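Inside the fold
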Amino acid sequence: MSNTKKIQSALISVFHKDGLEPIVKKLDDLGVIIYSTGGTEKFITDLGINVVPVEDVTNYPSILGGRVKTLHPKVFGGILNRQDNESDIAQLKEYKIPQIDLVIVDLYPFEKTVASGAPDQDIIEKIDIGGISLIRAAAKNFKDTCIISSMDQYDELLSLITDNQGVTNINTRKKFAAKAFNISSHYDTAIFNYFNTDGEVVYKASELTSKTLRYGENPHQNGYFFGDLDAIFDKLHGKELSYNNLLDVDAAVNLMNEFKGENPTFAILKHNNACGIAQRKTIHEAYVDALAGDPVSAFGGILIANTKIDKATAEEIHKLFCEVVIAPEYDADALSILKGKKNRIILIQKEVELPTQNVRTALNGVLVQDKDFKTDTIEDLSYPTNEKPSTTALEDLLFASKICKHTKSNTIVLAKNKQLCASGTGQTSRVDALRQAIEKATNFKFNLEGAVMASDAFFPFPDCVEIADNAGIKSVIQPGGSIKDQLSIDYCNLNKLAMVFTGTRHFKH
């Protein structure tokens, strides 16, 4: 079998006609016999180009409302025959089956139909049968057949047949075959996930859109992002997002989702953790007080707001070296200021439904869990201590609890007047996390008298409430649930601390 093969016949049956016209005209110029059916056949005929209806080959009409058109041995024999197999060639002649060198097919838009909220029956009708079969057949027989399985490949095909006068080589055909199997497997995954409503525990995930990153977590590691960033962000300015940027942006978006629809809130993140966050009457005040939480760590950080960034806020941000700024919108003056640093990445966050599960590799497999969508509210709280928190303290406790949920465990969060004073992050001991937080708050001149403390998990001993008490903290929020809860309750009662239980642990590893 020759490595190169001239296209002499093509089967074209597509849902999307955009970009198809120049390909059809070029194939016609090259003298290629074109077979087609249904809407594609009409499209080609309307261009004034000769086309052979598939029904003329099969001697069988399109039936069942178009559900069965190309599923016929004379079609699949023309695609699957092996040109170096004498028996196959003989059977083609015996049964008058035309050789098909090129197949151009795309699939019904199943995922778009699901996303549109269409009725179940409309979705079912968008499960492609003939198209997926043609794609798999042509891809399997890449030695003799070239498969174009998506309109995204039209430009590449047009260049190929124009530059090489309709000649393909086996490497190109194999490359298109790989793309075809990528598309077909993704399609089947989407269909399975739609049908899997009974919660069968099966892990199937697929993304067609990908991006090669500059590198991974470190320069010696390759890095890739699979997904559609354009669906969630409009990138207005700056360099390309890196692997580490994306991890921090993900953490920032998840954190700020806790404050959606609330008063202006600004957060600064570094290495997936908030180093500053505040909620105020204006976004300018919120940014200033978020920065005050840790102006050192803010250098090179990720900045995110839950509302429009105005000129005054942008002027303050511009004084800081930061990697990324995220907001739902910007004033024109603010945008002009922020673009003053050529590498600063500026993103507009869109309203997009995010995945409901977390996925990560572990050992020789994959760990999947539901995302932690539980946000502690005042209705969740129980009050085990004699002292009860004030209304202001309750607001601070819930504010701190939201931050705690999005901070690496073990963690302790200290807050006051809806401002992060400090946090202890990723410590092996909760006591160490608390001491880290107190030291950090002290270094940045925060007065912890009247501040609150949040913990992501329960206290097995009273040491944390005692250390917090000695630092001036008088209100505590934690999940509770330790068999030794009473030790912490007793200390609080003896020293007039208010402590509330949420009943929900928020580990984050």
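Residues numbered from 1 in each chain as written. Predicted model: local features only at pLDDT ≥ 70, side-chain atom pairs only at ≥ 80, totals over all residues. Heavy atoms only, no water.

Some thoughts on the overall build of the protein chain
What the protein chain contains, in helices and strands, is 19 helices and 22 strands. In the protein chain, which comprises 509 residues, the share counted as buried stands at 47%. A separation threshold of at least 6 residues defines the contact pool for the protein chain, and within that pool the share at least 24 residues apart is 56%. Carbon and sulfur atoms make up 50% of the accessible area of the protein chain, which amounts to about 25300 Å² in all. One finds the centroid of the 56 positive side-chain charges in the protein chain at a distance of 4 Å from the centroid of its 66 negative side-chain charges. (Helix = DSSP H or I, 4+ residues; strand = E, 2+ residues; numbered from the N terminus. Buried < 20%, exposed > 50% of the residue type's maximum accessible area, 1.4 Å probe, protein only. Contact = heavy atoms within 4.5 Å. Areas by Shrake-Rupley, 256 points an atom, 1.4 Å probe, with all protein chains shown as cover. Lys, Arg positive; Asp, Glu negative; His and termini not counted. Charge placed at Lys NZ, Arg CZ, Asp CG, Glu CD.)

Considering the environment of Lys388
Within the secondary structure, Lys388 is located in the loop between β17 (365-370) and α16 (391-405). On the basis of relative accessibility, which here comes to 45%, the residue Lys388 falls in the partly exposed class. Sequence separation between Lys388 and Met499 is 111 residues, and the spatial gap between their C-alpha atoms is 7.2 Å. If we ignore the near neighbours within four places in the chain, the residues touching Lys388 are Tyr383 and Ala498. Side-chain polar atoms of Lys388 contact the backbone oxygen of Thr385, separated by 2.6 Å. Only 3.3 Å separates the side chain of Lys388 from the backbone oxygen of Asn386, close enough to count as a polar contact. (Polar contact = N/O pair within 3.5 Å; in protein donor to acceptor, adjacent residues only side chain to side chain.)

A closer look at the sheet that holds strand β12 (residues 273-279)
Pairing is mixed across the open sheet formed by 6 strands, whose spatial order is β10-β15-β14-β13-β11-β12. Strands at the two margins of the open sheet, each flanked by one partner only, are β10 (233-237) and β12. Averaged over all pairs of adjacent strands, the angle between strand axes in this sheet comes to 20 degrees, irrespective of strand direction. Inspection of the sheet shows strand β11 (residues 265-270) paired to β12 by 6 bridges, in the antiparallel sense. Bridged to Ala267 within β12 is Ile277. (Pairing = 2+ DSSP bridges. Axes fitted to C-alpha atoms, helices over the stretch in contact; angles between N-to-C directions.)

Section: the packing of helix α17 (residues 430-443) against helix α18 (residues 463-470)
Relative orientation of the contacting elements α17 and α18 amounts to 10 degrees, with a least axis distance of 10 Å. With respect to α18, the element α17 is oriented roughly parallel. Here α17 contributes Arg430, Val431, Leu434, Arg435 and Ile438 to the contact with α18, which in turn contributes Asp463, Cys464, Ile467 and Ala468. For the contact of α17 with α18, the class distribution of residues is 6 nonpolar, no polar and 3 charged. (Parallel < 35°, antiparallel > 145°, perpendicular 65-115°, else oblique. Nonpolar A, V, L, I, M, F, W, Y, C, P; charged D, E, K, R; others polar.)

Focus on α18
All of the buried residues along α18 are Cys464, Val465, Ile467, Ala468 and Asp469. The elements touched by buried residues of α18 are α17, β20 (452-455), β21 (475-478), α19 (485-495) and β22 (498-501). Backbone geometry just after α18 places Gly472 at a positive phi near 105 degrees.

Regarding the pairing of strand β15 (residues 345-349)
Sheet topology note: the β10/β15 ladder contains 4 bridges and is antiparallel. Counted as the bridge partner of Asp234 is Ile348 from β15. Pairing geometry for strand β14 (residues 322-327) and β15, over 4 bridges, is parallel. For Val325, the partnering residue across the bridge sits in β15 and is Ile346.

Considering unusual backbone geometry
Negative phi is the rule for most residues except glycine; trans is the rule for most peptide bonds. Ser409 connects to Asn410 through a cis peptide bond whose omega is -15 degrees. By secondary structure assignment, the location of Asn410 is in the loop between α16 and β18 (412-415).

What about the side chain of Gln478?
Relative to the assigned elements, Gln478 resides in strand β21. Judged by relative accessible area, Gln478 falls into the buried class, the value being 1%. A polar side-chain atom of Gln478 sits 2.9 Å from the main-chain amide nitrogen of Gly480. The residues contacting Gln478, other than those within four sequence positions of it, are Ser455, Ala457, Phe458, Phe459, Met499, Val500, Phe501 and Thr502.

Details of the pairing of β12
Moving residue by residue along a regular strand, the side chains alternate between the two faces of the sheet. Buried residues dominate β12, accounting for 7 of its 7 residues. Counted between consecutive antiparallel strands, the loop separating β11 from β12 contains 2 residues, among which His271 sits at a positive phi close to 50 degrees.

Some details on the packing of aromatic side chains
Applying the stated rule across the entire model yields 8 aromatic pairs. On the basis of an interplanar angle of 85 degrees and a centroid distance of 5.7 Å, the ring pair of Phe110 and Tyr194 is categorised as edge-to-face. With a gap of 84 residues between them, Phe110 in helix α6 (residues 110-115) and Tyr194 in helix α10 (residues 170-195) connect regions that are remote in the sequence. By relative accessible area, which is 2% here, Phe110 ends up buried. Their ring planes at 70 degrees and their centres at 5.0 Å tell us that Phe266 and Tyr287 sit as a pair that is edge-to-face. Taken together, the residues Phe266 in strand β11 and Tyr287 in helix α13 (residues 283-292) connect sequence positions 21 residues apart. With respect to class, Phe266 is no different from Tyr287; both count as buried. When the ring centre of Phe176 is taken as reference, the NZ or CZ atom of Lys175 above it lies at 5.6 Å. (Phe/Tyr/Trp six-rings, centres within 6.5 Å; stacked < 30°, edge-to-face > 60°. Lys NZ or Arg CZ within 6 Å of the ring centre and 35° of its normal.)

Details of helix α9 (residues 154-163)
By the burial criterion, the buried members of α9 are Tyr154, Leu157, Leu160 and Ile161. What you see down the axis of α9 is that its buried residues fit within an arc of 125 degrees, all on one side. Along α9, exposed side chains directed more than 90 degrees from the buried face belong to Asp155 and Asp163. Those residues of α9 that are buried are in contact with α1 (21-29), β5 (102-105), β6 (146-148), β7 (167-169) and α10. Gln165, located one to two residues past α9, shows a positive phi value of around 55 degrees. (Arc of directions from axis to C-beta.)

Observations concerning the packing of α1 against α9
A pair of packed helices is characterised by two quantities: the angle between their axes and the separation of those axes. One can describe the packing of α1 onto α9 by two numbers: an axis separation of 10 Å at closest approach and a directional angle of 20 degrees. Classified by the angle their axes make, α1 and α9 are roughly parallel. Along this stretch, α1 crosses α9, giving a crossing that reads as left-handed. In contact with Pro22, Ile23, Lys26 and Leu27 of α1, α9 contributes Tyr154, Leu157, Leu158, Ile161 and Thr162. (Left-handed = near helix turned anticlockwise from the far one by under 90°.)

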